[in-house]
Amino acid sequence: MDILLVLGLPLLGAALLALLGARRFAPELNAGISLATLIAASFLVLHVIRHGPILAGNEQFFVDPFNVFLVALTAFVGFTTALFSRPYMRIEEHHGRVNPQRLRLYHSMYQLFMFAMLLALLTNNMGLLWVAMEAATLSTVLLVSLYRTRASLEAAWKYFILCGVGIAQALFGTILLYFAAEQALGREGMTALLWTHLNAVKGQLEPRVLGLAFVFLLVGYGTKVGLAPLHNWLPDAHAEGPTPVSAVLSGLLLNVALYAVIRCKVLVEGSIGHLLPGRMLMTFGLLSAVLGAFFIWRQRDIKRLFGYSSIEHMGIITFAFGLGGPVANFAALLHMTVHSLTKSSIFFTAGHASQTAGTQQMEGIRGMVGISPTIGWGLMLGSLAILGTPPFGVFASEFLILTTAMREHPWTTPFLLIALAVAFAGIFSRVQPMVFGESDAPPLPHSPALLPVFVHLAIVLILGIYMPAALAEWYRAAARLIG
């Protein structure tokens, strides 16, 4: 019942908002549906904590501590983003960037996007996982192109082409996975692609087929993660789409795509019996972290700047999952959490800063702390948090990843330190004048629209200082499942 509500509410919301999305109350309806989804996800979390993993829907849906953690995170950030988008999109409508018909598209596609991500997380079927990822791609293409400008259409087209090619590679990997499963499980039809069935017999699966399948799955889903050199769509999509879309793309979709990769990694490592999948993740992760950090220095657009920061951080998370083991997996899960919360809050403030200044170019954004202390301090605190400044939670997760790398693979440590140092210098040198620089603009009144920013940052700060025992045990349980 809980799974049905978590999936049914956003799907029903998408249909409802397709009819009512142009009405004045549509933003409130969008936020209300997101709140109901969050409540349903909370009940699902409680059920898993009390009773353990769930198999439902003729084994088509599977919930364990790993994916229920991401379901809760997705529902929470989806709700706070819907709250943020209420005043933000109304300002966009006032400025003439969107009309009621485009707002209807925005609200309905937002809920469809949430449904696709939650379906990808909850399904037990690797084929349905691929379908859900494709649905997430198609819905966000429409969201990225919402403004219908030349740049937004180009960004949406690039996103569609690159992720379409990537998802085709993932489809071929899924077909190879089915071929290997059929040899071990017999002709069971689509049930041969159930992850729980595959996990039970992973030692019997053909290693060479599984190894080849993982290459295609990593390339395919890795494109959605934004791993270099498959990352080119991400900065454009973040820069040209509406700010709430940038927040959920960076804070949620990248996590869901990486979740798909890790589910495949568990199967492949159990089949081939050595660390090749982990080494591949480490390689792609390090490359992404280093390239993302250096590309930060070339940016002039505030949203592109933090888009490349997302590439860097997803590289760090991927590297941690490649390291494997209880500590590295724990750190990767923690980093997924704090990155989602912090990066979405940064995009919230970056969006309002751009609206206030009338441009996304960083040269035109100056002295935000004097114009609007809420925006200025939100941007500065969010930037300090994402740069790993203590006592924020990003520091704790990066410290765990670094110490684990120093112990198990010392040669990787210089690359990680270089990426972190370059990203710190690049972002801080650009954010400081945007927040504290000179500006002649008159001050603006405080706005409650940025309340989600400080809620997110407060959670990230708490996780850097104190982690509740129940949450720590939850992460440990998920880390054990990953292996």
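Each remark here, short or long, concerns the structure printed above.
Residues numbered from 1 in each chain as written. Predicted model: local features only at pLDDT ≥ 70, side-chain atom pairs only at ≥ 80, totals over all residues. Heavy atoms only, no water.

1. Things to note about the overall build of the chain
1) Next: On a plain count of helices and strands, the chain comes out with 19 helices and two strands.
2) Next: In terms of overall size, the chain behaves like a compact globule, its C-alpha atoms giving a radius of gyration of 21 Å where 483 residues would be expected to give roughly 23 Å.
3) Next: Buried residues in the chain amount to 60% of all 483 residues.
4) Next: Within the chain, residue pairs in contact and separated by at least 24 positions form 80% of the contacts whose partners lie at least 6 positions apart. (Helix = DSSP H or I, 4+ residues; strand = E, 2+ residues; numbered from the N terminus. Rg over C-alpha atoms; globule rule 2.2 N^0.38 Å. Buried < 20%, exposed > 50% of the residue type's maximum accessible area, 1.4 Å probe, protein only. Contact = heavy atoms within 4.5 Å.)

2. Points about the packing of helix H12 (residues 302–323) against helix H16 (residues 393–408)
Relative orientation and spacing of two packed helices are given, respectively, by the angle between their axes and the distance between those axes.
1) Next: Interhelical geometry of H12 versus H16 gives an angle of 45° and a closest axis separation of 11 Å. In terms of axis orientation, H12 runs oblique to H16. Read as a crossing pair, H12 and H16 show a hand that is left-handed. Note on element contacts: H16 touches H12 through Val-394, Glu-398, Ile-401, Thr-404, Ala-405 and Glu-408, opposite His-313, Ile-316, Phe-319, Ala-320 and Leu-323.
2) Next: For the contact of H12 with H16, the per-class residue count stands at seven nonpolar, two polar and two charged. (Axes fitted to C-alpha atoms, helices over the stretch in contact; angles between N-to-C directions. Parallel < 35°, antiparallel > 145°, perpendicular 65-115°, else oblique. Left-handed = near helix turned anticlockwise from the far one by under 90°. Nonpolar A, V, L, I, M, F, W, Y, C, P; charged D, E, K, R; others polar.)

3. Some thoughts on the state of the cysteines
1) Next: By the definition in use, this model includes zero disulfides.
2) Next: Free cysteine Cys-163: the closest other cysteine sulfur is in Cys-264, separated by 16 Å.
3) Next: Note on Cys-163: relative accessible area 1%, which makes it buried.
4) Next: Residue classification places Cys-264 among the buried positions, given a relative accessible area of 2%. (Disulfide = S-S within 2.5 Å.)

4. Things to note about the packing of aromatic side chains
1) Next: A complete count under the given rule lists 16 aromatic pairs for this structure.
2) Next: When the centroid spacing of 5.2 Å and the interplanar angle of 50° are considered together, the rings of Phe-66 and Tyr-259 count as tilted. Remark: Tyr-259 occurs in helix H10 (residues 243–272) and Phe-66 occurs in helix H3 (residues 65–94); sequence separation between them is 193 residues.
3) Next: Seen from their ring centres, Tyr-159 and Trp-233 are 4.8 Å apart, and the 35° between their planes marks the pair as tilted. Taken together, the residues Tyr-159 in helix H6 (residues 150–185) and Trp-233 in helix H9 (residues 233–240) connect sequence positions 74 residues apart. Each of the two residues, Tyr-159 as well as Trp-233, counts as buried.
4) Next: Taken together, Phe-69, Phe-330, Trp-474 and Tyr-475 form an aromatic cluster joined through their ring pairs.
5) Next: Above the face of the Tyr-147 ring, Arg-97 is positioned so that its terminal group lies 3.9 Å from the ring centre.
6) Next: Taking the ring centre of Trp-195 as reference, the NZ or CZ of Arg-263 above it sits at 4.4 Å. (Phe/Tyr/Trp six-rings, centres within 6.5 Å; stacked < 30°, edge-to-face > 60°. Lys NZ or Arg CZ within 6 Å of the ring centre and 35° of its normal.)

5. Looking at helix H19 (residues 469–482)
1) Next: Here H19 is 14 residues long and its end C-alpha atoms lie 20 Å apart, about the 20 Å a rise of 1.5 Å per residue gives.
2) Next: Among the residues of H19, Ala-472, Trp-474, Tyr-475, Ala-477, Ala-478, Ala-479 and Ile-482 are the ones counted as buried.
3) Next: Along its buried surface, H19 packs onto helix H2 (26–51), H3, H10, H12 and helix H13 (325–357).
4) Next: Note on H19: the residue one or two positions beyond its end, Gly-483, has a positive phi of about 105°. (Expected span 1.5 Å × (residues − 1).)

6. Description of the side chain of Glu-312
1) Next: For Glu-312, the location among the structural elements is in helix H12.
2) Next: Buried charge without a salt bridge: Glu-312, with Lys-343 as the nearest opposite-charge side chain at an N-O distance of 6.7 Å.
3) Next: Leave out the neighbours within four places in its chain, and Glu-312 touches Ser-288, Ala-289, Gly-292, Ala-293, Ile-296, Ala-419, Leu-420 and Ala-423. (Lys, Arg positive; Asp, Glu negative; His and termini not counted. Salt bridge = Lys/Arg side-chain N within 4 Å of Asp/Glu carboxyl O.)

7. Re a nonpolar patch on the surface
1) Next: Among the surface-exposed residues, Leu-35, Ile-39, Phe-43, Leu-46 and Ile-49 lie close enough to one another that they form a single nonpolar patch of about 460 Å² accessible area.
2) Next: Relative to the assigned elements, Leu-46 resides in helix H2.
3) Next: Assessed through its relative accessible area of 37%, Leu-46 is described here as partly exposed. (Patch = residues over 30% accessible without salt bridge, like charges linked within 9 Å, V, L, I, M, F, W, Y side chains within 5 Å. Areas by Shrake-Rupley, 256 points an atom, 1.4 Å probe, with all protein chains shown as cover.)

8. Focus on the pattern of salt bridges
Side-chain pairs of opposite charge can arise whenever the charged atoms involved come near each other.
1) Next: This structure, assessed with the given rule, holds 13 salt bridges.
2) Next: Where Arg-90 meets Glu-28, a salt bridge forms, and the shortest distance between an N and an O atom there is 2.9 Å. Taken as a pair, Arg-90 in helix H3 and Glu-28 in helix H2 lie far apart in primary sequence, 62 residues in all.
3) Next: For Arg-90, a relative accessible area of 26% gives the class partly exposed.
4) Next: Among the residues examined, Glu-28 registers a relative accessible area of 32% and is labelled partly exposed.

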